[in-house]
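# Structure at a glance
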Amino acid sequence: MIRPSTVAFAAVVLTAPSVSAQAVPTPLQHFGFEMGEHRKLADWDQLTSYYESLARGSDRVTVDTLGMTTVGLPFVMLTITSAENHARLDELHDIQMRLADPRLVSGDEELERLLDQGKTVALITHGIHATEVGSSQMAARLAHRLATATDERTLDILDNVILLQIPSLNPDGLQWVATWYNEHVGTEYEAAPLPWLYQFYVGHDNNRDWYAFTQEETIHTVVGAHNAWHPQIVHDIHQMGSDGARIFFPPYIEPWEPNIDPALTASVNQLGSYMAAELTAQGKPGVVVNAQYDAFTPARAYMHYHGAARILSETASAAMATPITVTPDRLGPGRNFNAAERSWNFPHPWEGGDWGLPDIVDYMEAGALALLTNAAKNRRYWLESFHGINQRAVDKWEEWPDAWIIPAGQENEPGVKYALRILAMGDVEVRRAEAAFQADGMAYESGSYVVPMNQPWASFANTMLEVQHYPDLREYPGGPPQRPYDVTAHTLGYLLDFEAVAVDGMPEVSLSDPISPPDFDFRLPSHLSGGDAPRIAMYKSWQEPMEAGWTRWVFDKHRMPYDTLHDADIQGGALAGYDVLVVQSQSPGSIMEGFEQGSVPPEYAGGLGPAGADAVRTFVEGGGRLVAVEESTEWVVDLLDLGVRDITSTLPVTDFYIPGSILRLELDAGTEVGEGTSGELAAWYWRSSRAYEVTDPAVQVVARYGSGDPLLSGWVLGGEHVAGQPAILTAEVGTGSVVLFGFQPNYRAQTLGTWPLLFNALRP
Ligand SMILES: [Zn+2]
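Fair warning: this is a prediction, and the values are worked out from it, not measured in the lab.

What counts, and where the lines are drawn
- Residues numbered from 1 in each chain as written.
- Predicted model: local features only at pLDDT ≥ 70, side-chain atom pairs only at ≥ 80, totals over all residues.
- Heavy atoms only, no water.
- Salt bridge = Lys/Arg side-chain N within 4 Å of Asp/Glu carboxyl O.
- Helix = DSSP H or I, 4+ residues; strand = E, 2+ residues; numbered from the N terminus.
- Buried < 20%, exposed > 50% of the residue type's maximum accessible area, 1.4 Å probe, protein only.
- 1 Å grid on protein atoms, 1.4 Å probe; cavity = no way out; pocket = protein on both sides within 12 Å on 5 of 7 lines; lining within 4 Å.
- Points joined across faces, edges and corners; volume = space filled by probe spheres on them.
- Nonpolar A, V, L, I, M, F, W, Y, C, P; charged D, E, K, R; others polar.
- pLDDT = per-residue confidence, 0-100.
- Contact = heavy atoms within 4.5 Å.
- Core = buried A, V, L, I, M, F, W, Y, C linked by side-chain atoms within 4.5 Å.

### A word on the pattern of salt bridges
The tally for this structure, following the rule as stated, stands at 34 salt bridges. Where Arg-141 meets Asp-362, a salt bridge forms, and the shortest distance between an N and an O atom there is 2.6 Å. Of this pair, Arg-141 sits in helix H7 (residues 134–148) while Asp-362 sits in helix H12 (residues 357–377), and the two are 221 residues apart along the sequence. Arg-141 sits in the partly exposed class, given a relative accessible area of 21%. On the accessibility criterion, Asp-362 (35% relative accessible area) is partly exposed. Here Arg-380 ties to Glu-384 by a salt bridge, and the two come within 2.7 Å at their closest N and O atoms. You can see Arg-380 and its partner Glu-384 sitting in helix H13 (residues 379–395), four residues apart, about one turn around the helix.

Laid out in structure tokens, this is it:
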């Protein structure tokens, strides 16, 4: 027991780092349990109050609220470093900003001073995926350790590293999951899944938003952490399935996106390997590197275009906070390793057995400490490497054009604005030409935008504006394609339907200061507002797919009036009050059956069922408009007995594979759905997309995938199978009608080019 008088005395005589054990509560004191106990989850209210008390009690910790979440909770970041560093944080920040932009460094002497005095800045982000419960619990334990420990390793970290810690990238989801779990722990529904998306709009896709910046949490992180500090290292902590390795660290598998500086690839390799080595040396089995995860899409890797190494870790999951037993027979081949066999990248296999939250939190904390140790021990290397990466960008890579030009006066002004917002929020310097000019023999109007490519974050601009040529990777020569971890294309010009031109030779014209990110003006088409607007319903399953959530986001941003209808609403006859029903991409089985009885509390079990399906059929036959996308079109075709078939469903993956690419779309602008668009657009095609064969005279083809080679950006295997084939269909059914989208008209809120098609489809 510590008597108050003793603590008060100790606080007076201790020199920095001064830590008052009385003032800084342990997690056990604050929460009533240790972080990472079986079946115990702290919620966001408890966690934020803990971080406030850490900041009050420790001169190593400050806590800032970067903004509010989608649902309205505080989104916080801790800054953890030694008391001495905190006292000169502005100066250390200034050093970091100069290393980030070598144009601000006056010469070798100043550079030497910056490298000598600067600190490694590491950002650790926790809990973006709320059902991966370990990392936001671990966050509190890590913060407490760094706030209080006095061992040499911790002091070395605090002296040499400025840690920015975002203890939850998704507080809304954390609060929902903890509440849900705590409500059901000890009941038959202890391991029941949360029956709604754990980020209000986009669920798991909140980790696919790192260049479109659509969600509040993404914006706070990019503005308040990445752009405010430009860290050298970013560690994002996740969980994966239960049946493989216990933890993954980089190196990643191929491919790496080609605009990422080679020194970053190498630094990711060394840091991930070091972390794996530390954990393995500690006797922790099951550590794998160079498996499963690639480094291609910027949707997960903002930092790779902003000078920072991205260290993803993925720890094996339990059943949320409930322990599980993994029998050895469940451990088998994974991507680039075998969980049952020793190999160079998996030197100490885990043999199976019990696994739970205490293990998860231990592995995660060991990973984070290894990362911080590397950041501290190699401080000088991290700073030199960071400066070098940014210097090479400022010198401009030979492969890059001298500038990108976004011409003024484009037809699709909203697309241009959306792109300018993305580039400027990505800290790219975008300047406005103050007069007309010529570049590469072409004339450009005054007011055109110029992105000079000799600037620190030019790699971000280049990857967003150029066309992607994803490598044709196979499991073995002539074998099936190697599945990309995510998608293969992100060319903004196609997604947003505007023109950007790469030019050689800097345009000779006076340019403005860099623009700020413009606000995007979401303009609702006139037929969807006012008294004559159709009454629109959006189907919301208890297994709501992310595509539906992204669509709600687009509708909400446009302030479009609509209601969401659950299975019970539709079964109860609610469709009578609507003109249009939207069903986003969802498998027929999931629509009809939903969660199995007994797997979730009864009010969330079951799907639309025969009664709901009948109600939808009656709605359409009686004059309603049903809009379906990708997978749900299969359900609609069956429900209404349309003569339509997905021609891609029978093709083997060795013949046909499009895992997330941009295709040319040819459409009939004279139709209702194509109205107001040009005859050619870009269509987002991925694994759930389809191309149709139509054998029903009542079905009209509104759009087809491009004839010839339909690929615009990304990777297509067997493009000839969809070339020229139907992509959007309409059909009259009774006195109503359906619109079937074979591709995704609203891919992650990025396909502004095809939003008009979706809005056009919303007509009675
Ligand atoms: Zn995750």
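### Looking at the layout of surface pockets
Of the voids in this model, the largest pocket is the one considered here, and its volume is about 710 Å³. Together, 24 residues line the largest pocket, and Asn-412, Pro-414, Gly-676, Leu-752 and Pro-756 are the ones closest to its centre. Among the residues making up the lining of the largest pocket, the classes are represented as nine nonpolar, nine polar and six charged.

### Examining the confidence of the model for the protein
The pLDDT averaged across the protein works out to 96; a share of 97% of its residues lies at or above 70. In this model, residues 1–21 is a region of pLDDT below 50 whose contacts with residues beyond four sequence positions or in other chains number twelve contacts.

### Here we look at the nonpolar core
Ranked by size, the top nonpolar core spans 214 residues in total, and within it Tyr-418, Tyr-705, Phe-741 and Leu-762 carry the most contacts. Looking at which element gives the most residues to this core, the answer is H12, with 13 residues. Among the nonpolar cores identified, the runner-up in size contains 31 residues, and Ala-537, Ile-570, Val-616 and Val-699 belong to it.

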